[in-house]
Amino acid sequence: MDTVAIAGWETRAAALTAELVAAGVLPDPEWSRAFREVPRHVFVPRILGDDRTPVQVDEAGWLDLVYADETLLTQTIAAGDGLGRHEMPSSSSSRPRVMATMLDRLNVQHGQKVLEIGTGTGYNTALLSHHLGAENVYSVDIDPSLVDGARDHLARLGQHPQLAAADGADGWAKHAPFNRILATCAVTCIPPAWIDQLTGAGRIVAPLDAGEAGPLLVMDKTAPDEVTGRIDPYPAHFMPLRDRADDPLGQGQTTGFTGTGVPHYGTTGLDPALLTEGGTDLALFLWLHAPGLRIARADELGRLYVNTAAALAEVELAAGEDGTWLVKQRGAFRLWDIVEHGYATWTALDRPGPGRLGITALNSVDGQFAWLDDPDGAHSWPLAPTG
Ligand SMILES: C[S@@+](CC[C@H](N)C(=O)[O-])C[C@H]1O[C@@H](n2cnc3c(N)ncnc32)[C@H](O)[C@@H]1O
């Protein structure tokens, strides 16, 4: 079957583009033209549906799925943590409105060179190639099989950007410098190579791997060894930058806390329900205090769980007669104590969200920090190394 010329794709692509324009995420007519003219279906011949059942090119409903404003999962990998193995997402074609937003934030001009980290299906690479010319587009993915697939998809449209199977954390020194670096996988800090390989007035757009919050970083080069920018509240939610093709987790991530050791029991005056009520603003603020933090409320067990790879705290949702809540903590440090401190600081500072937070990153992993309101202000937090 010639899937490039499949019947009905143009009207669906046009309808999706109109939806994105109406949503305000495609303000630039040139990017709308790319979304209308690049056939997404060529890049996703096999999608994993909600229950992970494959939906393929010749099946009913496939084309409608392809042109919906949805993330299309295309690959999972099993990850083990001692409690069992789980299939975890490892590649997808991102939600079109998120892609459009990131391309808008990239603010790329004709004649400029872009490095994309996370080729995946190749669809976003095709949008970039349509807009800038494939000769200005470079893209890497850690998984060689994805790069092969993307190269094939792109060639069917006559597009031949430079692709490589490589760890995107290293950028692509051979073709540097780049005017723009666009990551479609999430980072916990800016890989130093990206800063080194960015031109003078260059920009990096990358999702921040901050748990529930998952905002975007829009970072401009402010010195030869430094980028800085505010955290954009747009909820991007991407899979992590990982350091192995056969592992879906980023460096230092686990599917949960699996440590053992003697628990510490105590009580808290912080109502655990406030943690989930604080939404993504609070989640991001707490993540700055405890990188990798995950918050999960289990009403059926009557508990709130917070964990990082190294520590776990379980808090009873029901208060005791004295108005405090029971806490059990295990692991390398007392995570709930950090959460209590973070919550108190968040309320004292008037509950800041991403718009008041920014990041300054030097080209070393220990020279990167998040700040409140101003890089030289009173509040800053060091960033954790990324995968
Ligand atoms: C959300 S998908 C990318 C979507 C893609 N831009 C598209 O349009 O289909 C994230 C991708 O990042 C890739 N990735 C994860 N870690 C990476 C790394 N260290 N270097 C390069 N690519 C990586 C994954 O293999 C996955 O394909």
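The following refers to the structure shown. Everything numeric here is computed off the predicted structure, so don't read it as measured data. (Residues numbered from 1 in each chain as written. Predicted model: local features only at pLDDT ≥ 70, side-chain atom pairs only at ≥ 80, totals over all residues. Heavy atoms only, no water.)

A look at the overall build of the protein chain
Line of reasoning, step 1. Within the protein chain, the regular secondary structure consists of 10 helices and 19 strands.
Line of reasoning, step 2. In terms of its C-alpha atoms, the protein chain occupies a principal-axis envelope of roughly 70 × 50 × 40 Å.
Line of reasoning, step 3. Within the protein chain, the proportion of its 387 residues that are buried is 52%.
Line of reasoning, step 4. Across the protein chain, contacts joining residues at least 24 apart in sequence account for 58% of those joining residues at least 6 apart. (Helix = DSSP H or I, 4+ residues; strand = E, 2+ residues; numbered from the N terminus. Buried < 20%, exposed > 50% of the residue type's maximum accessible area, 1.4 Å probe, protein only. Contact = heavy atoms within 4.5 Å.)

Some details on the packing of aromatic side chains
Line of reasoning, step 1. Summed over the entire model, instances satisfying the criterion amount to six aromatic pairs.
Line of reasoning, step 2. When the centroid spacing of 5.6 Å and the interplanar angle of 65° are considered together, the rings of Tyr-138 and Phe-178 count as edge-to-face. Highlighted residues: Tyr-138 in strand β6 (residues 137–141) and Phe-178 in strand β8 (residues 178–183), separated in sequence by 40 residues.
Line of reasoning, step 3. Given the relative accessible area of 0%, Phe-178 is considered buried.
Line of reasoning, step 4. Seen in terms of ring centroids, Tyr-343 and Trp-346 are 5.9 Å apart; in terms of plane orientation they differ by 50°. Their pairing is tilted. Of this pair, Tyr-343 and Trp-346 both sit in helix α10 (residues 335–348), separated by three residues, roughly a single helical turn. Per residue, the accessibility class of Tyr-343 equals that of Trp-346, and both read buried. (Phe/Tyr/Trp six-rings, centres within 6.5 Å; stacked < 30°, edge-to-face > 60°.)

What about the site of the ligand?
Line of reasoning, step 1. Within the structure, the ligand sits among 28 residues, and Ser-91, Thr-121, Asp-141, Gly-168 and Arg-242 are positioned closest to it.
Line of reasoning, step 2. One of the backbone N or O atoms of Ser-92 is found 3.2 Å from an oxygen atom in the ligand.
Line of reasoning, step 3. Listed by contribution, the elements that provide at least two residues to the shell around the ligand are β4 (85–93), β5 (114–117), α5 (123–132) and β6.
Line of reasoning, step 4. When its residues are assigned to classes, the shell around the ligand shows 11 nonpolar, 13 polar and four charged. (Near = heavy atom within 4 Å. Polar contact = N/O pair within 3.5 Å; in protein donor to acceptor, adjacent residues only side chain to side chain. Nonpolar A, V, L, I, M, F, W, Y, C, P; charged D, E, K, R; others polar.)

Let's talk about the pairing of strand β13 (residues 294–298)
Line of reasoning, step 1. Summarising the sheet, β13 and strand β14 (residues 303–307) pair through five bridges and their orientation is antiparallel. The residue bridging Ile-295 from the neighbouring strand is Val-306, located in β14.
Line of reasoning, step 2. The hairpin formed by β13 and β14 contains four residues between the paired strands, and Gly-302 there has a positive phi angle of roughly 70°. (Pairing = 2+ DSSP bridges.)

Remember that the coordinates give geometry; whether it matters functionally is a separate question.
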